[in-house]
2 protein chains.
Amino acid sequence: MSKPNTKVALIEAASRLFRLHGYEGISLNDILKNSNIPKGSLYHYFPNGKEELAVAAIHHTKDIVLAWIEKSFEQTSNPVEAVQDHIHQLADLLNDETEPVGFPIGTIAAEKYSTNEPIRAACQSAFEEWRELYSTKFIEAGYSEKLAKDYGVFILAAIEGGILLSLTTKNVESLLIIADQIPFILSKREN
Amino acid sequence: MSKPNTKVALIEAASRLFRLHGYEGISLNDILKNSNIPKGSLYHYFPNGKEELAVAAIHHTKDIVLAWIEKSFEQTSNPVEAVQDHIHQLADLLNDETEPVGFPIGTIAAEKYSTNEPIRAACQSAFEEWRELYSTKFIEAGYSEKLAKDYGVFILAAIEGGILLSLTTKNVESLLIIADQIPFILSKREN
DNA sequence: ATTATATTAGACTGGTCGGTTTAATTATTT
DNA sequence: AAATAATTAAACCGACCAGTCTAATATAAT
């Protein structure tokens, strides 16, 4: 109990660094140096080492992104505007040095989906919760269940891909183009 | 000249393994063992080591995917059908063990966009050539230049994101949902 | 046949990796 | 104050990393 500040600081540093460089691209020593935490503490809080820390970091990253999405939907009851707002905020954040977005979950998922089951499962749960949040909001806005689910998957995929394109090209244009397409995607057609 | 089979085999092995496990997740020894090529040959053909091999592998992967896209567009003049066909083929290939898709370019791009400029640039050129191919085909099918470009970006992002979701969830459903949405995306509206 | 060049072979290096260990220290409880 | 538990500290480990090096061997050119 009391104040597990060290554990939280460790997860936050790991979340940030894994987001930016992936699982294999960051060493435990990097994370410890970055957060000024001794190695003994890491293995005290995470006896299973890097994998266990990564799973905690993935859940933390998931929560951060969930809050971002939620915030955009709180500002308007129009889901089109909310999704566009979320994408625009991502575009603004991409080059932020204080809380860099990196490629949240995506990098670790791409690296480890076939070789580390606990990490893959953690990434899957992040994607699923993000998708569920979208779908819930779409249903609240009057979309059918089927449409809400399909649109959730589609929006999530387009945003993940858009982040990857924007990071790789060092240019947010891809994300902005995707945001512009959102109104045409989220129609209430019946299919 | 003569027969640089060794070099080609090296690039093919590197392309496959980087696609599956990313840049940091595969060691040079892994690649050499997988292709039965001695280390001396690697540094003979690629004096700059892992980075230079990775750039060659990225270009090779780019060409493979370009050929896949081209093939789908050769089978029909309807771009909607072509894109859907391409996505369905990706879904079929995801679990293929002989030529596994992995997350082509995406993993390396996500890992190294901020820390290795030659690799980032190679990944950018891959994304751009894929996008250009889509756009060219859309223009041939009568879309405006603006639409062709925006749709190219959008389709590329959705497919990249869809692959990532399908790999992470070990389920091609995400890709199939995206394929189903394609007809509604690629309308010839003027904007 | 001789020379020159391209390629293969793998032992070796310094450094870093994730992880372990043991002891010292700090905080909490009684 | 004493005893117990939680936390910190850093030296240390074997494994593996990318990259180097030198010699052997094959191939091509003359």
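Residues numbered from 1 in each chain as written. Chains lettered and ligands numbered in written order. Predicted model: local features only at pLDDT ≥ 70, side-chain atom pairs only at ≥ 80, totals over all residues. Heavy atoms only, no water.

A tally of regular secondary structure across chain A gives 9 helices and 0 strands. Relative to its length of 191 residues, chain A is compact, with a C-alpha radius of gyration of 18 Å against a globular reference of 16 Å. Each principal axis of the C-alpha atoms in chain A carries an extent, and together these give about 55 × 35 × 35 Å. The burial tally for chain A puts 59% of its 191 residues in the buried class. Taking contacts inside chain A between residues at least 6 apart in sequence as the whole, the part at least 24 apart equals 67%. (Helix = DSSP H or I, 4+ residues; strand = E, 2+ residues; numbered from the N terminus. Rg over C-alpha atoms; globule rule 2.2 N^0.38 Å. Buried < 20%, exposed > 50% of the residue type's maximum accessible area, 1.4 Å probe, protein only. Contact = heavy atoms within 4.5 Å.)

Let's shift gears to the side chain of T169 of chain B. Secondary-structure assignment places T169 of chain B in helix 8 (residues 145-169). The contact partners of T169 of chain B, leaving out residues within four places of it in the chain, are R120 and Q124 of chain A.

Take the interface of chain A and chain B next. Residue-level contacts link 45 residues of chain A with 45 residues of chain B. Elements supplying a minimum of two residues to the side of chain A that touches chain B: helix 1 (5-21), helix 6 (106-112), helix 7 (117-140), helix 8 (145-169) and helix 9 (173-185) of chain A. Broken down by element, the residue count for the side of chain A that touches chain B peaks at 16 residues, all from helix 8 of chain A. Taken together, the residues that form the side of chain A that touches chain B break down as 20 nonpolar, 15 polar and 10 charged. (Nonpolar A, V, L, I, M, F, W, Y, C, P; charged D, E, K, R; others polar.)

Our focus in this paragraph is the protein's contact with DNA strand D. Close to DNA strand D lie 14 residues, the nearest being S41 and H44 of chain A together with L28, K39 and K50 of chain B. Sugar plus phosphate, as a fraction of atoms of DNA strand D within 4 Å of the protein: 68%. Measuring from a phosphate oxygen of DNA strand D, one finds a side-chain N or O atom of S41 of chain A at 2.8 Å. Within the backbone of K50 of chain B, an N or O atom sits 2.9 Å from a phosphate oxygen of DNA strand D. (Near = heavy atom within 4 Å. Polar contact = N/O pair within 3.5 Å; in protein donor to acceptor, adjacent residues only side chain to side chain.)

Rotating chain A by 180 degrees and moving it 0.0 Å along the rotation axis overlays it on chain B with an RMSD of 0.0 Å. Here the copies are linked by what is in effect a two-fold axis. Mapped onto chain B, 100% of the interface residues of chain A again fall at the interface, so both copies present the same surface. (Least-squares fit on C-alpha atoms with pLDDT ≥ 70 in both.)

By size, the foremost hydrophobic cluster in this structure holds 146 residues, and its most contacted members are F138 and L186 of chain A together with F138 and L186 of chain B. Dropping the residues within four chain positions of it, L186 of chain B is found in contact with P79, V80, V83, F138, Y143, Y151 and I155 of chain B. (Core = buried A, V, L, I, M, F, W, Y, C linked by side-chain atoms within 4.5 Å.)

For the rest of this paragraph, the subject is the protein's contact with DNA strand C. DNA strand C sits among 14 residues. The nearest are L28, K39 and K50 of chain A together with T6 and H44 of chain B. When atoms of DNA strand C within 4 Å of the protein are split into backbone and base, the sugar-phosphate part holds 68%. At 2.9 Å from a phosphate oxygen of DNA strand C is found a side-chain nitrogen or oxygen belonging to S41 of chain B. Contributions of two or more residues to the surface near DNA strand C are made by helix 2 (28-35), helix 3 (39-45) and helix 4 (49-74) of chain A together with helix 3 (39-45) of chain B. Looking at the surface near DNA strand C, the element that brings in the most residues is helix 3 of chain B, giving 4 residues. Class assignment of the residues belonging to the surface near DNA strand C gives a composition of 5 nonpolar, 7 polar and 2 charged.

It is worth spelling out the packing of helix 1 (residues 5-21) of chain B against helix 2 (residues 28-35) of chain B at this point. All names here are of chain B. Two elements in contact, helix 1 and helix 2, have axes whose closest approach is 9 Å; the angle formed by their N-to-C orientations is 120 degrees. It follows from the interaxial angle that helix 1 and helix 2 lie oblique. Every pair of crossing elements has a handedness; the one defined by helix 1 and helix 2 is right-handed. Residues A9, L10, A13, A14, R16, L17 and F18 of helix 1 touch helix 2, and the partners they reach there are D30, I31, L32, N34 and S35. (Axes fitted to C-alpha atoms, helices over the stretch in contact; angles between N-to-C directions. Parallel < 35°, antiparallel > 145°, perpendicular 65-115°, else oblique. Left-handed = near helix turned anticlockwise from the far one by under 90°.)

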